[in-house]
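Commentary on secondary and tertiary structure
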Amino acid sequence: MKKVERQVAAVLAAAVLSVSAAASAAEPTSAPVSGPHVCMLVPCGTPFGIKLFTNGVVVAGTADLETPTGTVNPAAKADVRVGDIIRSVNGKPVTKNEQIAAAIQKSGGKALKLGLLRSGKEQTANILPVQSAGNYRAGLWVRDSAAGVGTLTFYDPQTHAFAGLGHGITDPDTHTIMPFGCGDIVPVTISGVQKGSAGVPGELEGYFTSDVPSGTLYSNSEQGVFGNLKQPPHNTAVPVCPAEEVKAGPVQIVCTIDGNTPHTYQAEIELLNVRGARSKNMVLHITDKTLLARAGGIVQGMSGSPILQQGRLVGAVTHVFVNDPTRGYGILAENMLSAEKKAAA
């Protein structure tokens, strides 16, 4: 094994959690659901740190190994692919990088049977470790956790549930949603902001202010991360705006670019797609002079920032356009709420 990675929750990995570069891939269609009753949610805009551990171990890469008989790639020979999730080794469940490493070292060069999950389907692979640089190795780079910073979108005072990010936590190498095992959120203080510019996305700089969890996660999905807060925020609940009533035009976004107190900034919705996708439902344009001067627009770490229109919660910021940080994507609040309720069921 050339390298076994373990990302512990001590580092703010903005590439994992923060607003990501806008992609052009088509998304599955999904119509948000509007109920007959007005749903009241508390918009947040506060930063949070996340500690997420996977269900299984993600294959982040494979490597060629030098052996006495030549160069081999045991992972490739076994058809183990980047993005596969290793769930078991020789029938024993695995959830940590160290378990994979220990099994390879103890193999004595005998084949190991891996139980994999690939694109939602169970697979098996027989991988043959080889001796390289004095140890048995399998040419696997694996990852079992992620840490980072993002923004809380809303809190539901009826269920004590929260939603954040507006998009899933993805593996930085495979760009796929990390399989959720367990996780917590912790308080964060924003200490600075790197201003974004065309071609160079900016980012919030911050640090975990406590190791004591302020909430527990129960889901990582395309529409965001969801969990339960231990203490409710002090903000006032506002109505959720039905998708069909969201309009192009002026909005406010709530985010924190200094300390841990959110502020409201001006923006506008330029384009809407309320029925065609589960995320990326709107194109936002930041117009607030203060936010433009401080951050250049949308930066990494602002994903999840609530979007308000005429006093109602309409969605959350999700992505920045790399070539134009004054613009980015947003997701409808209804889509996040629908995903949260499905995850909690």
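A few words now on the nonpolar core. Within the largest apolar cluster, 30 residues are counted, with the highest numbers of intra-cluster contacts made by Ile253, Leu284, Leu291, Met302 and Ile307. Secondary-structure elements contributing two or more residues to this core are strand S14 (180–194), strand S15 (203–208), strand S19 (249–255), strand S20 (263–272), strand S21 (282–286), helix H4 (289–295) and strand S23 (312–321). What Ile253 contacts, discounting residues up to four positions off in sequence, is His263, Thr264, Tyr265, Ala267, Ile286, Leu291, Met302, Pro306, Ile307 and Val317. One finds Val57, Leu114, Leu116 and Leu140 within the second-largest nonpolar core, a separate group that totals 19 residues.

Our focus in this paragraph is the pairing of strand S22 (residues 306–309). Successive side chains on a regular strand alternate, one facing one side of the sheet and the next facing the other. Burial along S22 is two-sided: the residues Pro306 and Leu308 and Ile307 and Gln309 are all buried. In this sheet, S22 lies alongside S19 in antiparallel orientation, the contact comprising two bridges. Of the residues in S22, the one forming a bridge with Ile253 is Ile307. Inspection of the sheet shows S22 paired to S23 by four bridges, in the antiparallel sense. Residue Pro306 lies in a different strand from S23, and its bridge partner there is Ala316. The loop that links S22 with its antiparallel partner S23 comprises two residues; one of these, Gln310, has a positive phi angle of about 50°.

Enumeration over the complete set of coordinates arrives at ten salt bridges. We note a salt bridge from Arg143 to Asp171, for which the minimum N-O separation is 2.6 Å. Here the residue Arg143 occupies a position in strand S12 (residues 140–156), and Asp171 occupies one in the loop between strand S13 (161–164) and S14, the gap between them amounting to 28 residues. Residue Arg312 pairs with Glu245 through a salt bridge whose shortest N-O separation is 2.7 Å. Here Arg312, found in strand S23, pairs with Glu245, found in the loop between strand S18 (238–239) and S19; they are 67 residues apart in sequence, far enough to count as distant. For Arg312, a relative accessible area of 22% translates into the label partly exposed. Residue Glu245 is classed as partly exposed on the basis of its relative accessible area of 35%.

How each quantity is defined
- Residues numbered from 1 in each chain as written.
- Predicted model: local features only at pLDDT ≥ 70, side-chain atom pairs only at ≥ 80, totals over all residues.
- Heavy atoms only, no water.
- Core = buried A, V, L, I, M, F, W, Y, C linked by side-chain atoms within 4.5 Å.
- Buried < 20%, exposed > 50% of the residue type's maximum accessible area, 1.4 Å probe, protein only.
- Helix = DSSP H or I, 4+ residues; strand = E, 2+ residues; numbered from the N terminus.
- Contact = heavy atoms within 4.5 Å.
- Pairing = 2+ DSSP bridges.
- Salt bridge = Lys/Arg side-chain N within 4 Å of Asp/Glu carboxyl O.

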